[in-house]
Amino acid sequence: MGALDEGPLDLEFENGVRLGSIDLGFEKEPETIAIEDAVRVLLHGLGEDVNREGLKKTPFRVAKALREGTKGYRQKVKEIVQGALFPEAGLDNGVGHAGGAGGLVIVRDLDLFSYCESCMLPFQVKCHVGYVPSGQRVVGLSKLSRVADVFAKRLQEPQRLADEVCSALHHGINPAGVAVIFQCFHIHFPNLESVFLDSNNQSWVKVLVRSGSGVFENDNAEAWIDFLNLLQFRGINVEKARRRDSSDQFWCPSQSFSGEKTTSNNEPANPGMDAAVASILRSLGEDPLREELLGTPCRFLKWLMNFQNSKLEMKLNGFVCGRMDLLKPNGEVTRSEKQIHSELNLSFWSQCEHHLLPFHGVVHVGYFCSEGFNPIGKSLLQSIVHFYGFKLQVQERLTRQIAETVSPLLGGDVMVVVEANHTCMISRGIEKFGSSTATIAALGRFSTDPAARAKFLQSIPSTFTT
């Protein structure tokens, strides 16, 4: 049967059969139901209608994503490693060192994701792991990735994640030593109150951590030299990789932007929503009273409430109306005399309404105007972008709303391109790291003039980085 035969596929969609690792009874499990109930509380707290199209299935989608993303709590490393140890002659305890028989084995550039224990947002991990064999046995290389993934699929902090992976591999393989380096990337926490005035916010917070055992236990050990060189000659810069301790600055932006760690002494702004987040933690197999999680509900809600369905329309409309006198052309000009102008790389943050996961990126706006026309200010365009971004959204709608709002301000001939990274593309079953999404809305002349669209698209920077 061909891959594109529609009969069985149509039947799967009709019957609601889900592909992937989730069991068919998953939706009836009490943990799933508890998370769904908690998500409905959160949606109500945001001022949303849980029965509107786009949100009806959000509670289940969120529950599925969270339980898939924390399945490491239900997995055992011992079962993964013990079935993949293979005999290899010559790997005696005394010769398993860098440069000798049975030297270093390293697997580079493993893409993982984990959930930050401080704010419950996903973060990306580029993992490099190696070991020096001993005892005349080696481990299947794929198991290095699988063990790392078990611990990543939990609520984590980078250094603890590296230490747990290192320790598990050392005890499971019994090698001469294990080395782990993680490059971790956490989405920045924009401040809704100030972002309208200052758009120069970094999109990612980055940290390098490492952990070692055996011959790698000492950070200055010779074994590290070979490990680091095998990364650096492939263009991986790990000069700043080191062990982080409790005296280091908090890595999660939810803590570092305020300069202080949130404690349990903080009164929750919304006790019902706070209790809902605590319920989610319990349903995932965590203890909300664990010291590192005491402030997590508060920090997660601080992020989530950025996307509250409020009445900011009044503020935006007043701002736009106050600028209309600056947008009038000086005299009549013909359509052919107008030239394409653009504002590029307007940053935005948003929250996917399907999974309650962040997506962020840049917006490019193209429009026609003449030399005698006073173009709209970049600050106003950035405010419009933020206004529509800080909502529960989908990228297609965001693109259309921005285009329809700026169109009357820019003479009607407008093209908007939105480029975004979606957390849901990495922190769910698909796990497509490095992917990005682009959407287009064209109005007026841009909708009928392919040459104009091509000219504007060619002006967009070739490298999309956020």
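Predicted model, so just to flag it, every value in this text is computed and none were measured.

When helices and strands are tallied, the protein chain shows 16 helices and 12 strands. Here the protein chain holds 466 residues, and 50% of them are scored as buried. In the protein chain, the proportion of contacts linking residues at least 24 apart, taken out of those at least 6 apart, comes to 75%. About 22400 Å² of surface is accessible on the protein chain, with carbon and sulfur atoms providing 50% of the total.

On to the side chain of T70, then. Within the secondary structure layout, T70 lies in the loop between helix 3 (58-69) and helix 4 (77-82). A residue is classified by how much of its surface remains accessible, and T70, at 0% relative accessible area, is buried. If we skip the residues at most four places from it in the chain, T70 touches Y115, K153, R154 and L284.

The mixed open sheet is built from 5 strands, whose spatial order is 5-2-3-6-7. Strands at the two margins of the open sheet, each flanked by one partner only, are strand 5 (155-156) and strand 7 (204-214). Note that strand 6 (residues 177-187) and strand 7 share 11 bridges and pair antiparallel. Paired with F182 across the strands is V209, a residue of strand 7. Helix-sheet contacts for helix 6 (residues 158-173) involve strand 3 (122-132), strand 5, strand 6 and strand 7, and the interaxial angle to strand 7 is about 30°.

Here the focus is the environment of F446. Here F446 shows up in helix 15 (residues 445-448). Residues F446 and G366, spaced 80 residues apart in sequence, show a C-alpha to C-alpha distance of 9.0 Å. Not counting residues within four places of it along the chain, the set of residues in contact with F446 comprises I340, G366, Y367, F368, D413, V414, M415, A452, R453 and F456.

The next subject is the pattern of salt bridges. Taken as a whole and assessed by the stated rule, the structure comprises 17 salt bridges. With a closest N to O distance of 3.1 Å, E292 and R290 form a salt bridge. A salt bridge links R445 to D449; its shortest N-O distance comes to 3.5 Å. Each member of the pair, R445 together with D449, is buried. Salt bridges sharing partners connect three or more residues here, namely E117, R160, E164, E286, R290 and E292.

Taken N-terminus to C-terminus, the directions of helix 5 (residues 141-152) and helix 6 make an angle of 135°; their axes are 9 Å apart at the nearest point. Here helix 5 is positioned oblique relative to helix 6, judged by the angle of their axes. As helix 5 runs across helix 6, the sense of the crossing is right-handed. Mapping the contact onto sequence places L144, V147, A148, F151 and A152 in helix 5 and L161, E164, V165, A168, L169 and I173 in helix 6. Here the residues of the contact of helix 5 with helix 6 sort into 10 nonpolar, no polar and 1 charged.

Take the pairing of strand 6 next. Most of strand 6 sits out of view: 10 of its 11 residues are buried. Inspection of the sheet shows strand 3 paired to strand 6 by 10 bridges, in the antiparallel sense. Paired with F123 across the strands is H186, a residue of strand 6.

The subject of this paragraph is the packing of helix 2 (residues 30-45) against helix 3. Packing of helix 2 against helix 3 leaves a shortest axis separation of 8 Å and a crossing angle of 125°. Relative to helix 3, the element helix 2 lies oblique. Seen from above, helix 2 lies across helix 3 with right-handed handedness. For the pair helix 2 and helix 3, the contacting residues are E31, T32, I35, E36, V39, R40 and L43 in the first and T58, P59, F60, V62, A63, L66 and R67 in the second. Each residue belonging to the contact of helix 2 with helix 3 can be placed in one class, and the counts come to 8 nonpolar, 2 polar and 4 charged.

On to the confidence of the model for the protein chain, then. Close inspection of predicted coordinates is inappropriate in any region flagged by low pLDDT. In this model, the protein chain carries a mean pLDDT of 81, and residues with pLDDT of at least 70 account for 74%. Here residues 8-21 scores under 50 on pLDDT; set against residues more than four positions off or in separate chains, the count is 11 contacts. Low pLDDT, under 50, characterises residues 321-330; the predicted model gives this stretch 16 contacts beyond four residues in sequence or across chains.

So, about the side chain of T439. Position of T439 among the secondary structure elements: in strand 12 (residues 437-443). Judged by its relative accessible area of 12%, T439 is buried. A distance of 3.1 Å separates polar atoms of two side chains, one belonging to T439 and the other to Q395. Look past the residues within four positions of T439 in its chain and what remains in contact with it is Q395, E396, T399, V416, V417 and V418.

What follows deals with empty space enclosed by the protein. All chains considered together, the criterion is met by 1 cavity of 30 Å³ or more. If you add up the space inside the largest cavity, you get close to 130 Å³. If you go around the largest cavity, you meet 13 residues; those closest to its centre are V62, L66, F300, H355 and L356. At the level of secondary structure, the elements contributing two or more residues to the lining of the largest cavity comprise helix 2 and helix 3.

The rules behind the values
- Throughout this description, residue numbers start from 1 for each chain and increase along the sequence as written.
- Two thresholds apply to this predicted model, a pLDDT of at least 70 for residue-level local features and 80 or more for giving and counting side-chain atom pairs, whereas whole-chain, interface and lining totals are computed over all residues.
- To get the side-chain values, take all heavy atoms of the structure and skip hydrogens and water.
- A run of DSSP states H or I qualifies as a helix once it reaches four residues; a run of E qualifies as a strand once it reaches two. Both are numbered from the N-terminal end.
- Only protein chains enter the area calculation, which uses a 1.4 Å probe; residues under 20% of their type maximum are buried, those over 50% are exposed, and those in between are partly exposed.
- Note on contacts: a residue pair is in contact if any heavy atoms of the two residues lie within 4.5 Å.
- Here, Shrake-Rupley sampling with a 1.4 Å probe gives the accessible areas, and only protein chains in the shown set may cover a residue.
- Pairing between strands requires that DSSP locate at least two bridges from one strand to the other.
- The convention used is that axes are lines fitted to C-alpha atoms, helices contributing only their stretch in contact, and that angles between N-to-C directions extend from 0 to 180 degrees.
- The working definition used for a salt bridge is a side-chain nitrogen of Lys or Arg within 4 Å of a carboxyl oxygen of Asp or Glu.
- Note on angle classes: values under 35 degrees are labelled roughly parallel, values over 145 roughly antiparallel, values of 65 to 115 roughly perpendicular, and the remainder oblique.
- Note on convention: near helix rotated counterclockwise from far helix by under a right angle means a left-handed crossing. Clockwise means right-handed.
- Put simply, Ala, Val, Leu, Ile, Met, Phe, Trp, Tyr, Cys and Pro go in the nonpolar bin, Asp, Glu, Lys and Arg in the charged bin, and everything else, Gly too, in the polar bin.
- pLDDT expresses, on a scale from 0 to 100, how confident the predictor is about each individual residue.
- For the purposes of these results, a polar contact is taken to be a pair of N or O atoms within 3.5 Å, where, inside protein, one atom must be able to donate a hydrogen and its partner to accept one; residues adjacent in sequence count only when each atom of the pair is a side-chain atom.
- Definitions used for this entry: grid spacing 1 Å over protein atoms alone; cavity, a set of points where a 1.4 Å probe fits but cannot get out; pocket, an open set with protein on both sides within 12 Å along at least 5 of 7 lines; lining residue, one with an atom within 4 Å of a point.
- Grid points are joined across faces, edges and corners, and a volume is the space filled by probe spheres set on the points.

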